[in-house]
Amino acid sequence: QVQLDESGGGLAQAGGSLRLSCAASERTYSWYAMGWFRQAPGKEREFVASISWNGGNSYYGDSVKGRFTISRDNAKNTVYLQMNSLKPEDTAVYYCAAKPTFTHPPIAANEYDYWGQGTQVTVSS
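Residues numbered from 1 in each chain as written. Predicted model: local features only at pLDDT ≥ 70, side-chain atom pairs only at ≥ 80, totals over all residues. Heavy atoms only, no water.

Peer 1: Mind showing me how you'd approach the sheet that holds strand 7 (residues 68-73) here?
Peer 2: Sheet strands line up and pair through hydrogen bonds in the backbone, either parallel or antiparallel. In spatial order, the strands read 1-3-8-7; together these 4 strands make up an open sheet with antiparallel pairing. Of all strands in the sheet, those bounded by a partner on one side alone are strand 1 (4-7) and strand 7. Strand-to-strand twist in this sheet, taken as the mean axis angle between neighbours without regard to direction, amounts to 15°. In this structure, strand 1 lies alongside strand 3 (residues 18-24), joined through 4 bridges in antiparallel fashion. Note on strand 3: the bridge partner recorded for Leu-4 is Ala-24. (Pairing = 2+ DSSP bridges. Helix = DSSP H or I, 4+ residues; strand = E, 2+ residues; numbered from the N terminus. Axes fitted to C-alpha atoms, helices over the stretch in contact; angles between N-to-C directions.)

So this is what it looks like as structure tokens:
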């Protein structure tokens, strides 16, 4: 069982930046593709970004391309989401997810096996 622990959420102003972290308990973390998703009140969970087990492939949702960057440090069992040029519409609970795979990192939420509890990001205008 993989435990995922997100941190780094909080309040930011529009145009500002935040960096989210997701630490994994699993010692074989490097075998996992990782993803970030978000869910705003009354909306469906939305794909934000994903990264392959070795960091060689990454994908982004259209709404965050060019503003957000996903990265990982396998030595620290941690994946990051650097969020720049934040907008009020980025306000949501952000979740990290994990899937053991050496193939391309999924962009569909239902393909992930493990989820964190989420961290709130609020962007004020």
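Still to come is the rest of the account.
Peer 1: Whenever I open this one, unusual backbone geometry confuses me. Can you help?
Peer 2: A negative phi angle characterises most non-glycine residues, just as the trans form characterises most peptide bonds. Within the chain, Asn-77 stands out as a residue other than glycine whose phi angle is a positive 55°. For Asn-77, the location among the structural elements is in the loop between strand 7 and strand 8 (78-83). You can call Asn-77 buried: its relative accessible area is 17%. Of note in the backbone geometry, Ser-85 takes a positive phi value of approximately 50° without being a glycine. Note that Ser-85 resides in the loop between strand 8 and strand 9 (92-100). (Buried < 20%, exposed > 50% of the residue type's maximum accessible area, 1.4 Å probe, protein only.)

Peer 1: What is the right way to read the side chain of Arg-38 from this model?
Peer 2: Along the chain, Arg-38 turns up in strand 4 (residues 32-39). Exposure remark for Arg-38: the relative accessible area of 5% places this residue in the buried category. Engagement of the side chain of Arg-38 in a polar contact is seen with the side chain of Tyr-94, the distance being 2.9 Å. For Arg-38, the contacting residues outside a window of four places in its chain are Glu-44, Arg-45, Glu-46, Val-48, Ser-63, Val-64, Phe-68, Glu-89, Asp-90, Ala-92, Val-93 and Tyr-94. (Polar contact = N/O pair within 3.5 Å; in protein donor to acceptor, adjacent residues only side chain to side chain. Contact = heavy atoms within 4.5 Å.)

Peer 1: Explain the pattern of salt bridges to me, please; I cannot follow it from the model alone.
Peer 2: Where charged atoms from two side chains of opposite charge come close, those side chains can pair. Tallying each qualifying case throughout the model produces 4 salt bridges. As a salt-bridge pair, Lys-65 and Asp-62 come within 3.2 Å of each other at their nearest N and O atoms. What emerges from the salt-bridge pattern is a single network uniting Arg-38, Glu-46, Arg-67 and Asp-90. (Salt bridge = Lys/Arg side-chain N within 4 Å of Asp/Glu carboxyl O.)

Peer 1: Explain the environment of Tyr-29 to me, please; I cannot follow it from the model alone.
Peer 2: Structurally, the position occupied by Tyr-29 is in the loop between strand 3 and strand 4. Taking the C-alpha atoms as reference points, Tyr-29 and Gly-118, separated by 89 residues in sequence, lie 19 Å from one another.

Peer 1: Explanation requested: the packing of aromatic side chains in the structure shown.
Peer 2: Counted under the stated rule, the structure contains 6 aromatic pairs. Ring centres 5.5 Å apart and planes at 75° place the aromatic pair Phe-37 and Tyr-112 in the edge-to-face group. Here the residue Phe-37 occupies a position in strand 4, and Tyr-112 occupies one in the loop between strand 9 and strand 10 (114-115), the gap between them amounting to 75 residues. You'll find Phe-37 and Tyr-112 in the same group, each marked buried. By the ring-pair criterion, three or more aromatic residues cluster together here, those being Phe-37, Phe-47, Tyr-112 and Trp-115. In this structure, Arg-45 is placed above the aromatic ring of Tyr-95, and the distance from its NZ or CZ to the ring centre is 4.0 Å. Its guanidinium or amino end placed over the ring of Trp-115, Arg-45 lies 4.8 Å from that ring's centre, counting from NZ or CZ. (Phe/Tyr/Trp six-rings, centres within 6.5 Å; stacked < 30°, edge-to-face > 60°. Lys NZ or Arg CZ within 6 Å of the ring centre and 35° of its normal.)

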